[in-house]
Amino acid sequence: MITAALAIMAALQARAIDWAALPPLPYRVPPVVTPDMHGFVAREVKARKCPVPAPAAPGARLQTLVVGVAVLVDEAGGIRTVVPRAIDCPTVEQFAAALAAGFARNNLLPRNASAPQWYRADLSFSWPR
């Protein structure tokens, strides 16, 4: 199983992921990002001096960071692997990947599939500026 996951990750690194082409992860119940999760990301961004996009509106009170992840779901609806989109902030990337895997576990809509399929999930974190 570990060898298969490493092979999948190596294949993904060899070619770029077409993030826009991935369908959204079909959650049964939408996940909730808690204040503690927002706070962790805010602390990591500040401590690691991670780049974040400028606020959408001048004078905005919140800073927001969206982290995309690609999730491979197997035939039975299990999570095979999660690959975070690089944002130049490894701790936040890995945190988002772990959250996405946890949010998806036993929380995906049933699907009729004969092969694993890739999906996309975007996790949004906000904190006061």
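Throughout what follows, the structure given in this document is the object of discussion. Because the structure is predicted, anything quoted here is derived from the model rather than measured.

1. Topic: the state of the cysteines
Across all of its chains, the model carries one disulfide by this definition. Disulfide pairing is shown between Cys50 and Cys89; the S-S distance is 1.9 Å. Its S-S torsion of approximately 60° makes the covalent link between Cys50 and Cys89 right-handed. Separated by 39 residues along the polypeptide, Cys50 in the loop between helix H2 (35–48) and strand S1 (62–73) and Cys89 in the loop between strand S2 (79–84) and helix H3 (90–104) bring together distant segments of the chain. Overall, Cys50 belongs to the buried group, its relative accessible area being 8%. The exposure class assigned to Cys89 is buried, which follows from its relative accessible area of 1%.

2. Observations regarding the packing of aromatic side chains
Applying the stated rule across the entire model yields two aromatic pairs. Between Phe40 and Phe95 the ring centres are 4.5 Å apart and the planes differ by 45°, which places this aromatic pair in the tilted class. Here Phe40, found in helix H2, pairs with Phe95, found in helix H3; they are 55 residues apart in sequence, far enough to count as distant. Between the aromatic rings of Phe95 and Phe125, the centroid separation amounts to 6.2 Å while the plane-to-plane angle is 35°, which identifies the pairing as tilted. Here the residue Phe95 occupies a position in helix H3, and Phe125 occupies one in strand S3 (residues 117–128), the gap between them amounting to 30 residues. The buried category is assigned to Phe125, whose relative accessible area is 0%. Members of the aromatic cluster, joined through ring pairs, are Phe40, Phe95 and Phe125.

3. A word on the environment of Leu22
Relative to the helices and strands, Leu22 is located in the loop between helix H1 (2–14) and H2. As for Leu22 and Ala121, which are separated by 99 residues in sequence, their C-alpha atoms are 9.1 Å apart. When residues no more than four places from it in sequence are discounted, the contact partners of Leu22 are Ile17, Ala70, Trp118, Tyr119 and Arg120.

4. Concerning the sheet that holds S1
As summarised here, the arrangement of the three strands in space is S2-S1-S3, forming an open sheet in which the pairing is antiparallel. Two strands bound the open sheet, and with one partner strand each, they are S2 and S3. With strand direction ignored, the average angle separating the axes of adjacent strands in the sheet is 30°. Here S1 runs beside S3; their pairing, made up of twelve bridges, is antiparallel. Considered in S3, the bridge of Ala70 is made with Arg120. H2 contacts S1 and S3 of the sheet and is inclined by roughly 80° relative to S3. This element, H3, spans S1, S2 and S3 of the sheet and lies at about 150° to S2.

Rules behind the numbers
Residues numbered from 1 in each chain as written. Predicted model: local features only at pLDDT ≥ 70, side-chain atom pairs only at ≥ 80, totals over all residues. Heavy atoms only, no water. Disulfide = S-S within 2.5 Å. Helix = DSSP H or I, 4+ residues; strand = E, 2+ residues; numbered from the N terminus. Buried < 20%, exposed > 50% of the residue type's maximum accessible area, 1.4 Å probe, protein only. Phe/Tyr/Trp six-rings, centres within 6.5 Å; stacked < 30°, edge-to-face > 60°. Contact = heavy atoms within 4.5 Å. Pairing = 2+ DSSP bridges. Axes fitted to C-alpha atoms, helices over the stretch in contact; angles between N-to-C directions.

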